[in-house]
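Overview (structure and organization)
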Amino acid sequence: MSEQPDDERLEELRKQKMEEMQEQADQGEAQEQAQQQADAQKQAMLRKHLTDGARKRLNSVRMSKPDFADQVERQILALAQSGRVNGKIDEDKMKELLRELKPDSKSFNIRRR
C-alpha cells in the first residue's frame, strides 16, 4: 500500500513536467511567429523602397558579408521610416550607400630599413 502514494506523486510530477514543457513549446512558437512576422514586414519595406537591381546588389553583398548586409538593411529601413527616401533606391544609389557604409579598410605601411 505504501507504493500507491509514490505512484500518485510520480504521476503528478510527470503531468507537471509535461505542462511546463508544453508552455515552453508554446512560448517558443510565439517567439518564432513574431520573428517571422518581423522578417516579413522588413522584406515588404525593402521591396517597397528598393528596385530589383538594388535588391540583387544587396543580396550579392549578403553572400559575401552577411553582417554588413544586415547593417545596410537597417540603414535603409531607418532612412525609409524617417521619410528621407525619395522614391525607390536604385542600383546607383545602393552603390553609393554601400560605399558610405563600408568599413574603413585597414592599410598597413611596411617600411624596410
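Structure's up top.
In this report, the structure presented in the accompanying data block is examined. (Residues numbered from 1 in each chain as written. Predicted model: local features only at pLDDT ≥ 70, side-chain atom pairs only at ≥ 80, totals over all residues. Heavy atoms only, no water.)

1. A few points about the overall build of the chain
Put simply, the rule is: For the purposes of this entry, the term helix denotes a DSSP run of H or I that reaches at least four residues, the term strand denotes a run of E that reaches at least two, and both are numbered from the N terminus. The globule rule used for comparison is 2.2 Å times the number of residues to the exponent 0.38, while the radius of gyration itself is calculated over C-alpha atoms. Burial classes follow relative accessibility: with a 1.4 Å probe on protein chains only, a residue under 20% of its type's maximum area counts as buried, one over 50% as exposed, and anything between as partly exposed. The contact criterion used throughout is that any non-hydrogen atoms of two residues lie within 4.5 Å. For the area figures, the Shrake-Rupley method with a 1.4 Å probe applies, and any residue is considered shielded solely by the protein chains shown. For the charge count, each Lys or Arg is scored as positive and each Asp or Glu as negative, with His and the chain ends excluded. Charge coordinates come from a single atom per side chain, which is NZ of Lys, CZ of Arg, CG of Asp or CD of Glu.
When its secondary structure is counted, the chain shows four helices and zero strands. For the chain, the N- to C-terminal ordering of α and β elements is α-α-α-α. Taking 113 residues into account, the globule formula puts the C-alpha radius of gyration at 13 Å, and the chain, at 26 Å, lies well above it. In terms of overall dimensions, the chain has a C-alpha envelope of 85 × 55 × 25 Å along the principal axes. Counting the 113 residues in the chain, one finds 18% classified as buried. A fraction of 70% describes how many contacts in the chain between residues 6 or more apart in sequence connect residues 24 or more apart. For the chain, the exposed surface amounts to about 9,900 Å²; the carbon and sulfur share of it is 46%. Counting 23 positive and 23 negative side-chain charges, the chain places the averaged centre of each group 19 Å from the other.

2. A look at the packing of helix α2 (residues 52–64) against helix α3 (residues 66–82)
Put simply, the test is: Throughout, an axis means a line fitted to C-alpha atoms (over the contacting stretch in the case of helices), and angles, computed between N-to-C directions, take values from 0 to 180 degrees. All residues other than Ala, Val, Leu, Ile, Met, Phe, Trp, Tyr, Cys, Pro, Asp, Glu, Lys and Arg, Gly among them, are scored as polar; the first ten of these are nonpolar and the last four charged.
Where α2 contacts α3, the two axes come as close as 6 Å, and the packing angle between them is 145°. Contacts between α2 and α3 involve L58, V61, R62 and S64 on the former and, on the latter, P66, F68, A69, D70, V72 and E73. Per-class residue counts for the contact of α2 with α3 are six nonpolar, one polar and three charged.

3. A closer look at the packing of α3 against helix α4 (residues 91–101)
To be explicit about the condition: For this classification, under 35 degrees means roughly parallel, over 145 means roughly antiparallel, 65 to 115 means roughly perpendicular, and everything else is oblique. Helix crossings fall into two classes, left-handed where the near helix is turned counterclockwise from the far one by less than a right angle and right-handed where it is turned clockwise.
In contact at an axis separation of 11 Å, α3 and α4 are set at 115° when each is read in the N-to-C sense. In terms of their interaxial angle, α3 and α4 are classed as roughly perpendicular. The two elements α3 and α4 cross, and the hand of that crossing is right-handed. Residues F68, Q71, V72, Q75, I76 and L79 of α3 touch α4, and the partners they reach there are M94, L97, L98 and L101. By residue class, the composition of the contact of α3 with α4 is eight nonpolar, two polar and no charged.

4. Examining the nonpolar core
Our working rule: Among the buried residues, those of types Ala, Val, Leu, Ile, Met, Phe, Trp, Tyr and Cys that are joined through side-chain atoms within 4.5 Å form a nonpolar core.
Counting 18 residues, the largest nonpolar core has L50, V72, I76 and M94 as the members making the most contacts within it. Secondary structure elements with two or more residues in this core: α2, α3 and α4. Counting residues per element, this core draws most heavily on α3, which supplies seven residues. Residues in contact with V72, not counting those within four places in the same chain, are L58, M94, L97, L98 and L101.

5. Focus on the pattern of salt bridges
Between side chains of opposite charge, a pair can form as their charged atoms come close. Where we set the bar: Salt-bridge detection follows one rule: a side-chain nitrogen of Lys or Arg within 4 Å of a carboxyl oxygen of Asp or Glu.
If you walk through the whole model with that rule in mind, you get seven salt bridges. Two residues, D70 and R62, come together in a salt bridge whose shortest N-O distance is 2.9 Å. Classification of D70 as partly exposed rests on a relative accessible area of 27%. The class for R62 is partly exposed, based on a relative accessible area of 25%.

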